[in-house]
Amino acid sequence: MLLLLGLCLGLPLCVARQDPLALAEELEEALRWDEQQIGHRVPRQVRLQQRLKTKPLMTHFSVKSTIISRYAFTMVSCTLLNRASEDKEVDFQMQIPAAAFITNFTMVVGDRIYQGEVAGKKKIHGDRAKKQNNKTLEDNGERGTETFSASVIIPSKDKAAFYLHYEELLQRRLGKYEHVISVRPQQLAGKLHVEVNILEKSGIVSLEVPPLQNSRQKGSGKVEDEVGPPPATDINQNETFAKIVFNPTIIQQAKIAQNGILGDFIIRYDVNREQKVGDIQVLNDYFVHYFAPKDLPPLPKNIVFVLDSSASMVGTKLRQTKDALFTILHDLRPQDHFNVVGFSSQIQVWKNHLVSVTPNNIRDSKVYIHHMTPTGGTNINGALQKGIELLNNHIADNDIDSRSVSLIVFLTDGKATVGEIRSSKILSNTKEAAQGRVCIFTIGIGNDVDFKLLEKLSLENCGMTRRVLEEDNAKEQLIGFYDEIRTPLLSDIRIDYPPDSVKHVTKTLFPNYFNGSEIIIAGKLVDSQLDNLHVEVTASNSKKFVVLKTDVPVGSLRTGNDVIGVSTPKGQDVDQNYIERLWSYLTIKELLTSWLKSDDEQEKERLMERARALAVNYHFLTPFTSLKVKELAPEATQRERKDYGSSAAMGPETVVQSLHGKDMPPEPDFMKQYNPRIKISKTSADGDPHFVVDFPLSKLTVCFNIDGNPGDILRLISDHMDSGVTVNGELIGAPAPPNGHKKYRTYFRTITILINKPERSYLEITPNRIVLDGGDRLVLPCNQSVVVGSWGLELSVSANANITVTIQGTITFVILIHLYKNPAPYQRNHLGFYISNSKGLSTNCHGLLGQFLNQEPKLTKESVGLGSNWNHTEPSVSQADLSSEKILKVKGHRVPVIWKQRKIYNGQEQIDCWFARNSAKLIDGEYKDYLASHPFDTETTFGRGASQ
């Protein structure tokens, strides 16, 4: 039995080709057949059985959510039936909100039960944890989803049931809470049931259920009605309770989306608010305090819009950004002040100071934005410094009242390429300049943006961040993001409780409060017999300093733990005190945020330990915990019990464990066969990655592997001091296929070629696009064939196949583009790097591949009768020689090698090579010596000019 468990971005679609209504009718018959004994057939069902032979049938898909005072418990259950005569592999996939924590996963396969348990990780890789943590923050940027996936082999004529539990605290935005349930079972489900129960003691108002939304997978489904709830939705509501049920038949499902990708089922609502100090709820000594004042005059805004106008913004991105800014500018209030900064390689400021909001200034700023043209690189550091300088000067020169709010709205689609490009330095420069007086709200557009940098910029400077995907409507999302911050009502908010009355309280200081949002604080009462809790709120608004004081009668708020409708994961003794779980959720989120912001290693370790202990205690899957699944089996099958770990909920790797020993199907072919006429040598780094070095004089080919980590940047060619060429490759992670010997694979996501002679230029290549910068920035898509050349550099692109880079006519590199039509969970679009001509590289050239270009090896067999200098080349290798181990002598290294056939993706099926099992003995130095600090790092580690 094969078992795969993991979380990854994206969700592959399963497209049905049958007529939807006919298929739905046949499925209904199939379900009636299922209710009888397996094996009983009637003639009308023969054709359907043949259709379903290779795909198990989903008999049941159910999602049940219970929301108690904004805290949501959700359980997903799914049942699949294998009606084939042989064992079949099935996939269970579920999109969950990115801010949610998984609390349990259980599978029942036949008579075997596999139950999940959250455990602490013993060790976590720093860079990988940062990437995981990026996706666990309250405001994760996309406000999107992660995809949980599990695969299992179902025996013939048997069933598998999946149960997934997750929890989240709903965030209030634009005056509404939003609960999103992904209804994407990948096929028409025999019984589909979605139920949401909402219990709000304050009273429910403005409840709405919009049509199904499916923007993440465009074209995969359609909405029957333009307004109102989806068909087959039933809503029952009273003052404090609401029950919403979505229960479409198979035929109704087929009318929405015949492939089972129905979309997002969304519920929006708000609650009554009466107390000025907010709403406090208490349960078993834990309390939660919701603070969302209204009817306050807005604070004046000092706002600078900092817009990326580099070459990569060309086309739709810049046009939609401009359209959004035109709308936003008209929304500014008369008491606000504003300015506009455009940046590429240069920083361009509309005015040298902030101006008031007048019709003339709005008109002139729109003209300035309209004439922005995309060109050059991306100077993020300079743009931020200029925006902060404008705000600081405005405050100092005009003696601005402290009760105004200073904001930067920063928008970019790329990474820093001009000026200061080190993320750590950009962050420190920005923090030093802002001094906590300027809040920075960042927006990342597209798939190539340095989102980790944008997120940390906002975290460290009291802001928020969003990601806008290229295929989405950027204008609507930008306006929606601005709407969240358009109306600041309070600043410098502080909420105090008597220190002898509470403990373990979450964050109580907040820089700003925007209309339509909410401040949430949770903690525990010290005295379980306390009758009144003193609450004091101090803040600034546009008119005066606000001080709110009151004694809240918590004695009358206490209730027993009698909340119904909260399902407990099987096998877990979970105390369903929703306020206590809300407190733990909020505390862990704040610890993860503090961990990401901290640069002190001891502090980070302390924060990680606290977050891990809480997460294990409350069964939350986080970047610092793992999910172990154990088989609950009879004593006779104890030997088959296995533990396997999944990465943290947002982690890049997936641990694969084979419980049945059955292999996964082979990887699909690439989207496009590569042009066989292109000249590619064997010297290359491709795939996992596998390294191949061809020595033409001795006619020897040597291969070795490098096991890197996702996010590592490997130096492939290092000849900066002589020929002026450096090649760096950034790794991306992917789960290994079942039965693999690794926890994950790594591939090259980005190849960066840096050229310093005769002119400085660089190439940044991904599977989707090429950035060529030699003074002017040029962005080329990889799906169009083109030839360009300048600065002694020629670039030839064969659409979706390969890229040939020729430097000064004496150095040629070929980058192969590996694309998949329907990628498996363990596959990633990636690049392969090949050296076609190395004549122009110097004898001092180094790097993982470069160090071998001017060397010639010897192959020896040190055994009786052959002597110590036995030497041969590949064509003369005998069968006896192939079965024994040899010694390769190269650059003073002595490395055992074996004869091997290896498949590489250069247009050939396979190559023959001498494989060095221990690459550490083959290369100079250690693996860490070949790690670059960033993609544009040209420092050398070996040879002349090496950094110390």
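Residues numbered from 1 in each chain as written. Predicted model: local features only at pLDDT ≥ 70, side-chain atom pairs only at ≥ 80, totals over all residues. Heavy atoms only, no water.

J.: Tell me about the overall build of the chain, and name the residues and values.
T.: Regarding its fold elements, the chain presents 14 helices and 51 strands. Counting all 948 residues of the chain, 57% fall into the buried class. Sequence-distant contacts, at least 24 apart, represent 70% of the contacts inside the chain between residues at least 6 apart. Roughly 38,900 Å² of accessible area belongs to the chain as shown, and the carbon and sulfur atoms make up 48% of that amount. (Helix = DSSP H or I, 4+ residues; strand = E, 2+ residues; numbered from the N terminus. Buried < 20%, exposed > 50% of the residue type's maximum accessible area, 1.4 Å probe, protein only. Contact = heavy atoms within 4.5 Å. Areas by Shrake-Rupley, 256 points an atom, 1.4 Å probe, with all protein chains shown as cover.)

J.: Account for helix α8 (residues 423-434), naming residues and giving values.
T.: Look at α8: 16 Å from first C-alpha to last across twelve residues, which is about the 16 Å you get at 1.5 Å a residue. When we look at burial in α8, the residues that qualify are Ile426, Leu427, Asn429, Thr430, Ala433 and Ala434. With its buried residues spanning 165° around the axis, α8 presents them on a single face. Exposed side chains of α8 directed beyond 90 degrees from the buried face belong to Ser424 and Glu432. The secondary structure elements touched by the buried residues of α8 are α7 (380-398), β23 (439-445) and α9 (451-460). Looking one or two residues past α8, glutamine 435 carries a phi angle of roughly 55°, positive in sign. (Expected span 1.5 Å × (residues − 1). Arc of directions from axis to C-beta.)

J.: Give a description of the sheet that holds strand β15 (residues 263-271) that names residues and reports values.
T.: Strand order in the open sheet made by the four strands is β9-β10-β15-β12, with antiparallel pairing throughout. A strand with exactly one partner marks an edge of an open sheet, and here the two such strands are β9 (172-173) and β12 (204-208). Here β9 pairs with strand β10 (residues 176-183) via two bridges, running antiparallel. For arginine 172, the partnering residue across the bridge sits in β10 and is tyrosine 177. (Pairing = 2+ DSSP bridges.)

J.: Residues and numbers for the state of the cysteines, please.
T.: By the definition in use, this model includes two disulfides. What pairs with cysteine 439 in a disulfide is cysteine 462, and their sulfur atoms sit 2.0 Å apart. Disulfide cysteine 439-cysteine 462: torsion about the S-S bond near -105°, hence left-handed. Here the residue cysteine 439 occupies a position in strand β23, and cysteine 462 occupies one in the loop between α9 and β24 (465-468), the gap between them amounting to 23 residues. Here cysteine 703 is linked by a disulfide to cysteine 913, with a sulfur-sulfur distance of 2.0 Å. (Disulfide = S-S within 2.5 Å.)

J.: So, the sheet that holds strand β28 (residues 519-525): which residues are in play, and what are the values?
T.: If you trace the four strands from one edge of the open sheet to the other, you get β16-β17-β28-β26, paired in antiparallel fashion. Strand pairing shows two members of the sheet lacking a second neighbour, β16 (279-283) and β26 (502-503), which therefore form its edges. Bridging between β16 and strand β17 (residues 286-291) involves five bridges; their strand directions are antiparallel. Of the residues in β17, the one forming a bridge with glutamine 281 is valine 288.

J.: A description of the side chain of lysine 88 should follow, citing residues and the corresponding values.
T.: As for its placement among the helices and strands, lysine 88 is situated in strand β4 (residues 88-97). Within the structure, the side chain of lysine 88 is placed 3.1 Å from the side chain of glutamate 86, a separation counted as a polar contact. (Polar contact = N/O pair within 3.5 Å; in protein donor to acceptor, adjacent residues only side chain to side chain.)

J.: With reference to specific residues and values, describe the packing of aromatic side chains.
T.: The geometry of two aromatic rings is summed up by the distance between their centres and the angle between their planes. Using the criterion set out here, one finds 28 aromatic pairs in the structure. Relative to tyrosine 497, the ring of phenylalanine 287 has its centre 5.4 Å away and its plane inclined at 65°; by these criteria the two rings are edge-to-face. On the criterion of sequence distance, the pair formed by phenylalanine 287 in strand β17 and tyrosine 497 in the loop between β25 (488-496) and β26 is long-range, its members being 210 residues apart. Classification of phenylalanine 287 by relative accessible area gives buried; the value is 0%. (Phe/Tyr/Trp six-rings, centres within 6.5 Å; stacked < 30°, edge-to-face > 60°.)

J.: An account of the packing of α9 against helix α11 (residues 578-597) is requested, with residue identities and associated values reported.
T.: α11 packs onto α9 with a crossing angle of 105° between their chain directions and a minimal axis gap of 10 Å. Relative to α11, the element α9 lies roughly perpendicular. Here Glu455, Lys456, Leu459 and Glu460 of α9 lie close against α11, whose contacting residues are Thr593, Leu596 and Lys597. Within the contact of α9 with α11, the residues separate by chemical class into two nonpolar, one polar and four charged. (Axes fitted to C-alpha atoms, helices over the stretch in contact; angles between N-to-C directions. Parallel < 35°, antiparallel > 145°, perpendicular 65-115°, else oblique. Nonpolar A, V, L, I, M, F, W, Y, C, P; charged D, E, K, R; others polar.)

J.: So what's going on with helix α5 (residues 316-331)? Which residues, and what values?
T.: In a regular helix each residue adds 1.5 Å, so 16 residues correspond to 22 Å; α5 covers 23 Å between its end C-alpha atoms and thus fits that length. Taken residue by residue, α5 has Lys317, Leu318, Gln320, Thr321, Lys322, Ala324, Leu325, Phe326, Ile328 and Leu329 as its buried positions. Of the surrounding elements, those touching the buried residues of α5 are β18 (301-308), β19 (337-343), α6 (359-370), β22 (405-412), β23 and α10 (474-485).

J.: Just give me the short version of the confidence of the model for the chain, but keep the residues and values in it.
T.: A residue-level look at the chain finds 77% of positions with pLDDT of 70 or above and a mean pLDDT of 78. Here residues 48-52 is a poorly scored stretch, pLDDT under 50, and it has eleven contacts once near neighbours within four places are set aside; other chains count. (pLDDT = per-residue confidence, 0-100.)

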